[in-house]
Amino acid sequence: SVIKELVPHVPLDESRMMAKLNANENPYGPSPKVIKAIADSVSLGNRYGHGDAAILIDMIAEKEGVKPENIMLGPGSTDLLEKTAIVQFQQGGNIVAGDPAYMSIMNTAQAMGGNWKAVPLTKDYAHDLKAMAAAVDSNTNLVYVCNPNNPTGSITDAGELKKFCSEVSAKVPVFVDEAYLEFLENPDSQTMVGLVSEGKDVIVARTFSKIHGMAGLRIGYIVATPERIETITNKVRSTMGLCVTSLKGAIASMQEKTFLAQCKSQNTECREYVEDEIKKMGFNPIPSYTSFMIFPIAMDGREFMKSMYEEGVGIRTYQMYDQSWCRVSMGTHDELAYFVDTIKKVTKA
Ligand code: PLP
């Protein structure tokens, strides 16, 4: 694998942070309506949330144009990435996935005794679909595609990905992680959800953590065939793991339009601002389609992170392609202006 995340010297002291730009959170959420829905539902906390889970599942199914039996909820999409890997790698086998990519499902697959067949991204940081298809063998139990990808922020062409998913899913389930889909210009034409309605063995993951601004409230879902969902629900996941207040919040957030549109436009505006500013300093970011941006830095990654932390700026650093990289999440405009000033100071750009 070409990717290694660098761990900080000291834990990030959140109370001293001027700009929390390390976890791809949405600085504007949750929406006021979600906050109210949650506050109003605290007293329902003596009851299990199965009824609200059913309501949320119906709402999601309608939005995605699928049936309720195509939807499975989890406390964040992480849970669904992990549970899918637990089920698929009980007898080992391999997972085919891009490198670098979001590591959650590979980590669980490997913990279960599976192997990661890491397929390098193309020079444009897209998934190398041809090479991934060629990497699938008789021991492959899952293919993972993160689109848009984390930590690169890059995109893989939706038309090519659809073709890939259609063909490869005839042999092995394909898990498509669309955590950042809603930040795209035209998300509806880039999702792989339509393939599920066609009966393909494709598992699409989405989350309330990003565009909905509910990362700490933990709600995510997958869209998949009922047969695929049953392989998970029957074994390791039911609506038992869901929290009633978070369900009420997600139900309220499903009804938001203006708030979500504002989050998206503020994200785009901030991303353009950061891109301009860091390019002026001589950095060369990978074009981002997400709520974060990554670029190579000349400084040692851990030294850079330490200096940024000392100034109250939380970012992430990675070692990739024999090079240190800084990944910055789109916070508020003020936080990003502070990030820009701080990186100037720290790198003396
Ligand atoms: N998938 C990707 C690509 C992510 O970047 C993240 C979070 O950063 C997740 C999944 C997990 O999100 P959550 O568990 O909050 O839904």
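Because the structure is predicted, anything quoted here is derived from the model rather than measured. (Residues numbered from 1 in each chain as written. Predicted model: local features only at pLDDT ≥ 70, side-chain atom pairs only at ≥ 80, totals over all residues. Heavy atoms only, no water.)

Across its full length, the chain holds twelve helices and 13 strands. The C-alpha radius of gyration computed for the chain amounts to 20 Å, which stays within 12% of the reference 20 Å derived for 349 residues, consistent with globular compactness. The principal-axis extent of the C-alpha atoms belonging to the chain is close to 55 × 50 × 35 Å. Per-residue burial for the chain yields a buried fraction of 55% across its 349 residues. Counting only contacts in the chain whose residues sit at least 6 apart along the sequence, the fraction spanning at least 24 positions is 74%. Here the chain has roughly 15,000 Å² of accessible surface; of this, 51% comes from carbon and sulfur atoms. (Helix = DSSP H or I, 4+ residues; strand = E, 2+ residues; numbered from the N terminus. Rg over C-alpha atoms; globule rule 2.2 N^0.38 Å. Buried < 20%, exposed > 50% of the residue type's maximum accessible area, 1.4 Å probe, protein only. Contact = heavy atoms within 4.5 Å. Areas by Shrake-Rupley, 256 points an atom, 1.4 Å probe, with all protein chains shown as cover.)

The next thing to look at is the packing of aromatic side chains. On inspection of all chains with the given rule, the structure shows seven aromatic pairs. Taking 6.2 Å as the distance between ring centres and 65° as the angle between the ring planes, the aromatic pair formed by Tyr125 and Tyr321 counts as edge-to-face. Taken as a pair, Tyr125 in the loop between strand 5 (115–120) and helix 5 (129–135) and Tyr321 in the loop between strand 12 (316–320) and strand 13 (323–329) lie far apart in primary sequence, 196 residues in all. The class of Tyr321 is partly exposed, set by a relative accessible area of 34%. Here the aromatic cluster, defined as three or more aromatic residues joined through ring pairs, consists of Tyr125, Tyr321 and Trp325. A cation over a ring is seen here: Arg327 above Phe292, with NZ or CZ 5.4 Å from the ring centre. (Phe/Tyr/Trp six-rings, centres within 6.5 Å; stacked < 30°, edge-to-face > 60°. Lys NZ or Arg CZ within 6 Å of the ring centre and 35° of its normal.)

It is worth spelling out the site of the ligand at this point. Of all residues adjacent to the ligand, which total 14 residues, the nearest are Thr78, Asp177, Tyr180, Thr207 and Ser209. Note that an oxygen atom of the ligand is positioned 2.7 Å from one of the side-chain N or O atoms of Tyr180. Taking 400 Å² as the accessible area of the ligand by itself, protein coverage stands at 93%. For the shell around the ligand, the element with the highest residue contribution is helix 3 (residues 77–88), accounting for three residues. Residue composition of the shell around the ligand, grouped by class: five nonpolar, six polar and three charged. (Near = heavy atom within 4 Å. Polar contact = N/O pair within 3.5 Å; in protein donor to acceptor, adjacent residues only side chain to side chain. Nonpolar A, V, L, I, M, F, W, Y, C, P; charged D, E, K, R; others polar.)

Residue class for Tyr125 comes out partly exposed when judged on its relative accessible area of 22%. Once you skip the residues sitting within four places of it in the chain, Tyr125 turns out to touch Thr152, Ser154, Ile286, Tyr321 and Trp325.

A word on the side chain of Thr290. Secondary-structure assignment places Thr290 in the loop between helix 10 (258–280) and strand 10 (292–297). Residue classification places Thr290 among the buried positions, given a relative accessible area of 0%. Within polar-contact distance, the side chain of Thr290 engages the backbone oxygen of Phe292 at 3.0 Å. Beyond its immediate sequence surroundings of up to four residues, Thr290 is in contact with Pro148, Asn149, Gly153, Tyr180, Phe183, Asn267 and Arg271.

Moving on, we come to the side chain of Ser253. Looking at the secondary structure, you find Ser253 in helix 9 (residues 244–254). In terms of polar contacts, Ser253 uses its side chain to reach the side chain of His212, at 2.8 Å. In this view, Ser253 contacts Val34, Phe208, His212, Met214 and Leu260; residues no more than four positions away in its chain are not counted.

Once that is clear, we can look at helix 9. Here helix 9 lies mainly inside the structure; ten of its eleven residues are buried. When helix 9 is considered as a whole, its buried residues turn out to be Val244, Thr245, Ser246, Leu247, Gly249, Ala250, Ile251, Ala252, Ser253 and Met254.

This brings us to the sheet that holds strand 6 (residues 140–146). Sheet architecture is open: seven strands sit in the order 3-9-8-7-6-4-5, paired in mixed fashion. Unpaired on one side and paired on the other, strand 3 (71–74) and strand 5 mark the two borders of the sheet. The mean inter-strand angle of the sheet, taken between neighbouring strand axes irrespective of direction, is 25°. Judged from the four bridges that link them, strand 8 (residues 202–207) and strand 9 (residues 220–223) form a sheet pairing that is antiparallel. Residue pairing across strands places Ala205 opposite Ile222, the latter belonging to strand 9. (Pairing = 2+ DSSP bridges. Axes fitted to C-alpha atoms, helices over the stretch in contact; angles between N-to-C directions.)

Packed helix pairs are characterised by how far apart their axes lie and by the angle those axes make with each other. It is the contact of helix 2 (residues 50–64) with helix 9, at a shortest axis distance of 9 Å, that shows an interaxial angle of 30°. Classified by the angle between their axes, helix 2 and helix 9 sit roughly parallel to one another. Between helix 2 and helix 9 the crossing geometry is left-handed. Residues Asp52, Ala53, Ile55, Leu56, Met59, Ile60 and Lys63 of helix 2 form the contact with helix 9, whose participating residues are Val244, Leu247, Lys248, Ala250, Ile251 and Met254. (Parallel < 35°, antiparallel > 145°, perpendicular 65-115°, else oblique. Left-handed = near helix turned anticlockwise from the far one by under 90°.)

For the rest of this paragraph, the subject is the domain arrangement of the chain. Parsing the chain into structural domains produces domain 1 (3–28 + 258–347) and domain 2 (32–254). Each partner contributes to the interface: domain 1 provides 24 residues, whereas domain 2 provides 27 residues. Between domain 1 and domain 2, a total of about 2,000 Å² is buried, with carbon and sulfur atoms accounting for 64% of that surface. On the surface where domain 1 and domain 2 come into contact, there are zero salt bridges. Listed by contribution, the elements that provide at least two residues to the side of domain 1 that touches domain 2 are helix 10, strand 10, strand 12 and strand 13. For the side of domain 1 that touches domain 2, the per-class residue count stands at 14 nonpolar, six polar and four charged. (Domains from an automatic or database assignment. Buried area = accessible area lost by both parts, 1.4 Å probe. Salt bridge = Lys/Arg side-chain N within 4 Å of Asp/Glu carboxyl O.)

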